[in-house]
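So you can see what is in the structure, the chains are spelled out below.
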Amino acid sequence: MQTELSQIVEECRIAVEDPEYPAVQQWLEANPGGKVLGHFQVYFPEELAHAAGMLPLKMKGFDSSVQIREADAHIAAFVCSILRTSLEQALSGRLDFLSMYVTHPICDAARHLNGVWTRRFPDMNCQILYLPQNASSSHAAPYLAAEYRRIAGLIEEVTGSPINDDSLRASIELFNENRRLLRELYQIRRETPWQIGLADAYLLMSAAGAMPRERHNELLERALPIIRAGDNHPQDKLRIVFEGGYCEQPPIEMLSVLQDVAYVVDDDFMIGLRWILDDVPTSGDLIDNLAVSYLDHSSYSPVQHDPRKPKEDMLLKRIRESGAEAAIVAAPKMCEPGLEEQVAYDDALTAEDIPHLVIEFEEKTANHEQARMEVETFAESLLFEFV
Amino acid sequence: METQKVAIRPSLSRAGDTRTASRSLMDNWWTELGEADASDRPVANTFVMGSLAEVLTTFDLTMSFPEIAALQTAVKGKSMDYLLAAEDLGYSPDICGYVKVDIGLHATGRNHPLGKYPKPGMVVASNMCNTYIKWSEFWERQYGCPVFVLDLPGWRGTGFEYDASSDNFRDDVRYVEGQIRDLISLSEEVSGKKFDIDKLREVLGNVNRMSELYQSILAMNKNKPAPFNALTEGINYMGIANILRGRPEGIQFMETALAELEERVAYGVGAVTDERFRLLLVGTACYTNFRDFVGMFERWKGVFVASEYMSFAGGGLDRGLHYDLDRPVESLAEQILITAQPSMSGIFYSHEWQAATAEEYQIDGICYHGVKSCRTTAAGLPDAREWLLNNANVPGLFIQSDLVDSRLWSEAQMRNRIDAFFESLESRRIQAGV
Amino acid sequence: MLVGGVDVGSTQTKAVIMTGEHEILGRGLCPTGAKLAEAGQTAFDLAMDETDFTESDVSFVVGTGYGRFNINFGDAQVTEISCHARGAVHLFPNTRSVLDIGGQDTKAIKVTDDGQVVDFNMNDKCAAGTGRFLGAASDALEIPLGDLGPLALTAKNPVKMTTTCTVFAESEILGWLAKGRRIEDVVMGVHNSIASRSVALLRRAGIEPEVTFTGGVTRNTAMVELISELVGSQVNTNEESHYCGAIGASLYALDQVLTGAFSERGATA
């Protein structure tokens, strides 16, 4: 059984980590004429692409496996790594299969992506999707639904395939199922974190954006029972929440360092893939439903303003509900929204007396000794406190 | 017949009028801020892009512009104190310097070099800059004031233009209009006044007039020599255009400015004597070393005749903004989407605007000034620069510093690059036989 | 008729004495130190010593480099960017792109066939793509600078250096060694990092062959190989290349003597 689980994790790892996108290549071979829609962090209504027969692919960064050769000629310094690695992938020709590329203005640096990609890849149908930053407004849902219809219209043009209610319903059901399976994975991690290591759990989850969702559902359906049935024993490790993985991802080696020292019982890694918290209804106007789900049945991040969900309150809730004892409040280097949110998180956790470690990370850090030292020191200090 | 060069600058009767007016208006503004603070009158914090001054002025709400206040601390050589105070509170060196100066001001008693810096009673933050939103979250936590995020959908792709009859436009307008009406309700609460639609019409009419004047001012620099420096004097026009948007004093100021420029043009007087190189500035300015920065260009007889700054921080005034006073609220929504927002969201695709401006204003070169604080204006500059060089044959210089953080200013580095750029412009000129 | 070019760089000062026929009669090289004016004079005197002439025989001197305004016997100043461009085309007439990796900064210049600058790019703010990074590696590893190149060439499995900042480079280097990676692999990793950052600067204006590589770092054969690989063709180098700036400066001096080029220039000192 364990061998089967490691095979599943390995398939996920390859899909997530291989800069040549093997899962996409396989899909293209199996679907001649198939079209891929690339979407940047954090969230994209993938159901719309899927309903037109496209493969939605999450554009994310890469660790040191992608060497920056060309991207720095196009983007100024003082920006995060993920913008450069994702652009590098495109400039290297590895993303020539994209038929469409959509970004959302999550932050001031990322807003440039579309302009740069448009100049360099004029035939790639580069588009900006404006998700609402006035999320609590009563006008936001109708606006967002209209914006989704607009993107859907463009998808139909690019693919030549109409998006009708039946195809969209089927897609929504598929993605609802995927989100349910991911929630189950996270529940297992909260209740019995010793049954699955952080790095493996991360790969199982993030592969969602790197392969066809149908396949991802299959893999999770097989993996989850195996994990539940595992016979690992709980160890005396700290239970922590990791906050800061909403966009640029920490390198997988850093997660390995973390798992040696603590149980990460909840996190916001690739939160866009898990943004919607319950099933999108499949009756009534489906696009309206997607819009309402985005706004009202969703998680939180430093790049989505919503006064109904003050972020420090949401973090405290996450810590409480996952039974965590401490938190790592991280931000990618040069990430303006993340670095700003860090101060608010730090202040709030201090006020609540919740031990926490404030760190910066970069997806491309190859040397993790510093991170290991910081996290180990943090864990030690708490163990001494509890003794 | 030998033409005589004008050896002495002619005595211009209007010389200095604009500077005098802007100083006095700025003083008045700070006096108003101080009075509001002392009397606990609610102050609206807003920003140069998407300020909705039209609505706030209708309610006679005193407006504070933290961006302008921040840059003023740098011009006065005081920004470092505030930056350090914010960094002591845990704010990273890598975030926007304006935000940190503001946080530092709030953390140290709100004593700005130009007067008392008020607390916000409400905030209007548009999505034209993502940092505005994070910034307002700070005030919300600190002061518990209502934060209104004005969400303005922008350019969806290159060459984006609204078709007035399209669903896209109507949906966007509906969203923005709905939000404006919500802002009107909030302003009623905060100010304690009822909404007066005729007052709004009056304010919109004033902005219409300011828009005409602003465009006329910009166009003055099509003359040779260009009568004003788009950076040093431009910042003045922009600053006043923002703080007095929709007010009669704002109109008067711009009329004064235009008259002074017209006089200069009539006498052939340029911002720089013996103008030699005409430049476009793309990006923002360095306020800590403002005069040094400009001086490094002026010593080569280079003048900034245009700047992207005067466009995106002009809130649509440079884009033919014109409100329809018969439908004030709807028109406000429409015009923001057609003029103000594109002057911002268009900058990510502005290579074509830059090429067109270079031609219109007969520009010799473009200075791309990337500042660490402002990723909105800086992150894509190298890419745009290369496009202009290779597709429009307009040479560009790329230099970096910061808005308010003098730790990022390196005079030797800047000067080296600026001098090398002018050397290459000189040799281009020689090659062209000019 | 003689002209002179003096390049006061951050670490070294170079001078060249040139005839009206572009023949170089003398070269001088000395450390810059803290006294820039003296360094300029010393290098110039050393260059004069190689000729049969004296200072009064030199019609015009152009100063360049960061210390160009400190050369009190200089007649005019031109940036080292413009001078490198001229000098590189003088050394290799087919040059259309110049890459100069110096101790303090890196310059990537696109040039015309007569050495005029079309476009240039320099390292953003920090020293990561400059020779300084090699210096940091040399200090951290206690290996002489000149030995780093040959050592790098023996690498079989270079590490991927990810630090953007020279300040942290030392600790990253030591970190790799602590993990048991071989010295030559770490050293090659440092070289790769500098090479790719430098070539990225060249790409900002587009790389046009031939590419001429100048600066003290050209003595490092590993670096020459890496840069050639990244630009896609063998780069030009020669032993004169650290005089590139001074050569270009003397060519500008010649322009003045022959055509009065400086009289028309807008810049005042």
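A quick note: this is a predicted structure, and the numbers were derived from the prediction, not measured. Every chain's residues receive numbers from 1 upward, in the order its sequence appears when written. Just so you know, chain letters begin at A and ligand numbers begin at 1, following the order they were written in. Residues qualify for local features only when their pLDDT is at least 70, as the model is predicted, and side-chain atom pairs are given and counted only at 80 or more; totals for whole chains, interfaces and linings, by contrast, use all residues. Working from all heavy atoms in the structure, the side-chain values ignore hydrogens and water.

1. Some details on the overall build of chain B
Phase 1 of the analysis: Think of it this way: any DSSP run of H or I at least four residues long counts as a helix, any run of E at least two long counts as a strand, and we number them from the N terminus. Helix and strand counts for chain B stand at 17 helices and 10 strands.
Phase 2 of the analysis: Here the C-alpha atoms of chain B give a radius of gyration of 22 Å, agreeing with the 22 Å that 2.2 N^0.38 yields for 434 residues.
Phase 3 of the analysis: Projected onto its principal axes, the C-alpha coordinates of chain B cover approximately 70 × 50 × 45 Å.
Phase 4 of the analysis: A simple rule labels every residue: compare its accessible area, found with a 1.4 Å probe on the protein chains alone, to the largest value its type can have, and call it buried under 20%, exposed over 50%, or partly exposed in between. Counting every position in chain B, which comprises 434 residues, the buried fraction comes to 65%.
Phase 5 of the analysis: Computed with a 1.4 Å probe, the accessible areas rest on the Shrake-Rupley method; for each residue, only the protein chains presented here act as cover. Carbon and sulfur atoms make up 47% of the accessible area of chain B, which amounts to about 15,000 Å² in all. For a compact globule the rule gives 2.2 Å times the number of residues to the power 0.38, and the radius of gyration it is set against comes from C-alpha atoms.

2. As for the overall build of chain C
Phase 1 of the analysis: Each helix and strand counted, chain C has eight helices and nine strands in total.
Phase 2 of the analysis: Against the 2.2 N^0.38 benchmark of 18 Å for 269 residues, chain C shows a C-alpha radius of gyration of 19 Å, consistent with a compact globule.
Phase 3 of the analysis: For chain C, the residues scored as buried account for 60% of the 269 residues in total.
Phase 4 of the analysis: For chain C, the computed accessible surface area is about 10,300 Å², with 50% contributed by carbon and sulfur atoms.
Phase 5 of the analysis: For this count, His and the chain ends are skipped, Lys and Arg are scored as positive, and Asp and Glu as negative. All charge positions are set by atom: Lys at NZ, Arg at CZ, Asp at CG, Glu at CD. Looking at chain C, you have 20 positive and 33 negative side-chain charges, and the mean spots of the two groups are 11 Å apart.

3. Concerning the domain arrangement of chain C
Residues and elements named next belong to chain C.
Phase 1 of the analysis: Domain start and stop positions are those given by an automatic or database domain assignment. Under the domain assignment used here, chain C contains domain 1 (2-88 + 243-259) and domain 2 (94-235).
Phase 2 of the analysis: Taken over C-alpha atoms, the centre of domain 1 sits 27 Å from the centre of domain 2.
Phase 3 of the analysis: Between domain 1 and domain 2, the residue contacts involve 12 residues of the former and 17 residues of the latter.
Phase 4 of the analysis: By buried area we mean the combined loss of accessible area, with a 1.4 Å probe, across both parts when two parts are placed together. For the pair domain 1 and domain 2, the summed buried area comes to about 1,100 Å², and 62% of that belongs to carbon and sulfur atoms.
Phase 5 of the analysis: Any carboxyl oxygen of Asp or Glu that lies within 4 Å of a side-chain nitrogen of Lys or Arg is treated as forming a salt bridge with it. Applying the counting rule to domain 1 against domain 2 returns one salt bridge.
Phase 6 of the analysis: One salt bridge connects Glu80 with Lys107, and the closest N-O pair in it is separated by 3.8 Å.
Phase 7 of the analysis: Definition of a polar contact: a pair of N or O atoms within 3.5 Å, with one able to donate and the other able to accept a hydrogen when the atoms are protein atoms, and with sequence-neighbouring residues admitted only if both atoms are side-chain atoms. At the boundary of domain 1 and domain 2, one finds three residue pairs in polar contact (both at pLDDT 80 or more).
Phase 8 of the analysis: Looking at the side of domain 1 that touches domain 2, the elements with two or more residues in it are helix 2 (80-91) and helix 8 (244-259).
Phase 9 of the analysis: In terms of residues, the side of domain 1 that touches domain 2 owes the most to one element, helix 2, which gives seven residues.
Phase 10 of the analysis: Residue classes follow a fixed rule: Ala, Val, Leu, Ile, Met, Phe, Trp, Tyr, Cys and Pro count as nonpolar, while Asp, Glu, Lys and Arg count as charged, and any other residue, Gly among them, counts as polar. Within the side of domain 1 that touches domain 2, the residues separate by chemical class into six nonpolar, four polar and two charged. The criterion used for residue contact is that any of the two residues' heavy atoms lie within 4.5 Å.

4. A word on the interface of chain C and chain A
A common way to express how large an interface is: the accessible area buried when the components associate.
Phase 1 of the analysis: Each partner contributes residues to the interface: chain C has 15 residues there, and chain A has 18 residues.
Phase 2 of the analysis: Taken as a group, Lys160(C), Thr162(C) and Arg203(C) account for 34% of the area that chain C buries against chain A, more than any other trio of residues on that side.
Phase 3 of the analysis: Taken together, the links from chain C to chain A amount to zero salt bridges.
Phase 4 of the analysis: Linking chain C with chain A are two residue pairs in polar contact (both at pLDDT 80 or more).
Phase 5 of the analysis: Going through the elements one at a time, helix 5 (166-178) and helix 6 (183-203) of chain C are the ones with two or more residues in the side of chain C that touches chain A.
Phase 6 of the analysis: Among the elements that make up the side of chain C that touches chain A, the one with the highest residue count is helix 5 of chain C (four residues).
Phase 7 of the analysis: Looking at the side of chain C that touches chain A, its residues break down into three nonpolar, five polar and seven charged.

5. Some thoughts on the sheet that holds strand 8 (residues 356-361) of chain A
Residues and elements named next belong to chain A.
Phase 1 of the analysis: A strand pair is defined by DSSP finding two or more bridges across the two strands. Pairing in this open sheet of four strands is parallel, and the strands run 6-5-7-8 from one edge to the other. Edge positions in the open sheet fall to strand 6 (262-267) and strand 8, since each of these has one partner strand only. Pairwise comparison of adjacent strand axes, ignoring direction, gives a mean angle of 30 degrees for this sheet.
Phase 2 of the analysis: Where strand 5 (residues 238-243) and strand 6 come together, five bridges link them in parallel fashion. Among the inter-strand pairings, Arg239 is bridged to a residue of strand 6, identified as Tyr263.
Phase 3 of the analysis: A fitted line through C-alpha atoms serves as each axis, taken over the contacting stretch for helices, and the angle formed by two N-to-C directions is quoted from 0 to 180°. Contacts between helix 10 (residues 252-261) and the sheet are confined to strand 5, strand 6, strand 7 (326-332) and strand 8, with strand 6 contributing the most and set at about 120 degrees to the helix.
Phase 4 of the analysis: In the packing of helix 13 (residues 336-351) onto the sheet, the strands contacted are strand 5, strand 7 and strand 8, and the crossing angle to strand 7 comes to about 165 degrees.

6. A look at the sheet that holds strand 6 (residues 97-101) of chain C
Residue and element names in this part refer to chain C.
Phase 1 of the analysis: Spatially, four strands are ordered 8-7-6-9 in an open sheet, and the strand pairing comes out mixed. This sheet does not close on itself; its edge strands, each paired only once, are strand 8 (117-122) and strand 9 (211-214). In this sheet, neighbouring strand axes are inclined to one another by 15 degrees on average, regardless of whether the strands run parallel or antiparallel.
Phase 2 of the analysis: When strand 7 (residues 106-111) meets strand 8, the two strands line up antiparallel, connected through five bridges. Across the sheet, Ala108 pairs through a bridge with Asn121, a residue of strand 8.

7. A closer look at a nonpolar patch on the surface
Phase 1 of the analysis: Nonpolar side chains (Val, Leu, Ile, Met, Phe, Trp, Tyr) are joined into patches within 5 Å and like charges within 9 Å, using only residues with over 30% relative accessible area and no salt bridge. A grouping of Met1(C), Val257(C) and Leu258(C) is seen on the molecular surface, where their side chains present a nonpolar patch of about 270 Å² in accessible area.
Phase 2 of the analysis: Using a relative accessible area of 45% as the deciding quantity, one classes Met1(C) as partly exposed.

8. Focus: the environment of Ser343(B)
Residues and elements named next belong to chain B.
Phase 1 of the analysis: Relative to the elements of secondary structure, Ser343 occurs in helix 13 (residues 328-345).
Phase 2 of the analysis: Of the residues examined, Ser343 reaches a relative accessible area of 1% and is grouped as buried.
Phase 3 of the analysis: In this structure the C-alpha to C-alpha distance between Ser343 and Asp318, which are 25 residues apart in sequence, comes to 8.4 Å.
Phase 4 of the analysis: Those residues in contact with Ser343 that sit more than four places away from it in its chain are Ser311, Phe312, Gly316, Asp318 and Arg319.
Phase 5 of the analysis: Polar side-chain contacts of Ser343 include one of 2.7 Å to the backbone oxygen of Ala340.

9. A look at the environment of Glu177(A)
Residues and elements named next belong to chain A.
Phase 1 of the analysis: Considering the arrangement of structural elements, one finds Glu177 in helix 7 (residues 165-191).
Phase 2 of the analysis: Linking Glu177 and Asp278, residues 101 residues apart in sequence, is a C-alpha distance of 9.9 Å.
Phase 3 of the analysis: Contacts of Glu177, omitting those with residues within four sequence positions, involve Asn217 and Glu221.

10. Here we look at the pairing of strand 10 (residues 396-401) of chain B
Residue and element names in this part refer to chain B.
Phase 1 of the analysis: Counting buried residues along strand 10, six of its six residues qualify, which places the element largely inside the surrounding structure.
Phase 2 of the analysis: Here strand 10 shows two buried faces, one formed by Gly396, Phe398 and Gln400 and the other by Leu397, Ile399 and Ser401.
Phase 3 of the analysis: Pairing geometry for strand 9 (residues 365-371) and strand 10, over six bridges, is parallel. Among the inter-strand pairings, His369 is bridged to a residue of strand 10, identified as Ile399.

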